[in-house]
Amino acid sequence: MKQAVDHKALMETAARARELAYSPYSGYCVGAALLCEDGRVFTGCNIENASFSATNCAERTAVFKAVSEGARRFTAIAVVGGRRGEVSPFCAPCGVCRQVLAEFCPLDMPVVLGTPENFKVYTFGELLPFSFTGSEL
Ligand code: THU
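Since we're looking at a predicted model, the values are computed, not measured.

The rules behind the values
Residues numbered from 1 in each chain as written. Predicted model: local features only at pLDDT ≥ 70, side-chain atom pairs only at ≥ 80, totals over all residues. Heavy atoms only, no water. Helix = DSSP H or I, 4+ residues; strand = E, 2+ residues; numbered from the N terminus. Buried < 20%, exposed > 50% of the residue type's maximum accessible area, 1.4 Å probe, protein only. Polar contact = N/O pair within 3.5 Å; in protein donor to acceptor, adjacent residues only side chain to side chain. Near = heavy atom within 4 Å. Areas by Shrake-Rupley, 256 points an atom, 1.4 Å probe, with all protein chains shown as cover. Nonpolar A, V, L, I, M, F, W, Y, C, P; charged D, E, K, R; others polar. Pairing = 2+ DSSP bridges. Axes fitted to C-alpha atoms, helices over the stretch in contact; angles between N-to-C directions.

**Q** Could you clarify how one ought to interpret the side chain of Asn56 in this entry?
**A** As for its position among the elements, Asn56 is in the loop between β2 (41-45) and α2 (58-68). Of the residues examined, Asn56 reaches a relative accessible area of 19% and is grouped as buried. Side-chain polar atoms of Asn56 contact the side chain of Arg60, separated by 3.5 Å. One polar contact links Asn56 to Thr61, side chain to side chain, over a distance of 3.0 Å.

Here you go:
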């Protein structure tokens, strides 16, 4: 049976994770909270680098933490972003993060975007239709 997802709690966790963002170059801070089928929640923040392309987004940090701890089945992700000191009304995952999520997340997985006070729930399939996955190979 699918567990009920507390979207607001997941957004609050993402907002807390955002406080740890390391973004001295862009000043843009992102937090993600990834809920696993077994109930664990892995958080992530963006981690920038002086060699800009080495930057890791919050969503990928969360996915990589989860997979490296043995979690591969995910039931929801929440993302909160904004310039340092202010939360943006909407921060959508970048294309690279969507592709990484496509490796592990079902098309009907909820993706919660917005702020902890005002968010919308999308499905992963809405964010990345026609994705390229391992089933092609
Ligand atoms: N960023 C994320 O962490 N997630 C996204 O999906 C969009 C962008 C980060 C990367 C970079 O540190 C900053 O936001 C500005 O692009």
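On we go from here.
**Q** Even after reading the chapter, I still don't get the site of the ligand, so can you show me in this structure?
**A** Around the ligand, the surrounding shell consists of Ser26, Tyr28, Val30, Asn46, Glu48, Thr55, Cys57, Ala58, Glu59, Ala92, Pro93 and Cys94. Within the backbone of Ala58, one N or O atom sits 2.9 Å away from an oxygen atom of the ligand. For the ligand, whose accessible area on its own is 370 Å², the fraction buried by protein is 79%. Those elements that place two or more of their residues in the shell around the ligand are β1 (28-36) and α2. Of the residues that constitute the shell around the ligand, the class distribution is 7 nonpolar, 3 polar and 2 charged.

**Q** Help me understand the environment of Asp38, please; the structure alone is not making it clear to me.
**A** Summarising the element assignment, Asp38 is placed in the loop between β1 and β2. Taking the C-alpha atoms as reference points, Asp38 and Ala78, separated by 40 residues in sequence, lie 17 Å from one another. Of the polar contacts made by the side chain of Asp38, one reaches the backbone nitrogen of Arg40; its length is 3.0 Å.

**Q** Sorry, what's going on with the sheet that holds strand β5 (residues 119-123) here?
**A** Think of a sheet as strands paired side by side through backbone hydrogen bonds, with each pair either parallel or antiparallel. Judged by pairing direction, the sheet is mixed, and its 5 strands sit side by side in the order β2-β1-β3-β4-β5 without closing on themselves. Strands with a single pairing partner mark the edges of an open sheet, and in this sheet they are β2 and β5. Adjacent strand axes in the sheet meet at a mean angle of 20° when their direction is disregarded. Sheet topology places strand β4 (residues 110-114) next to β5; 5 bridges connect them, and they run antiparallel.

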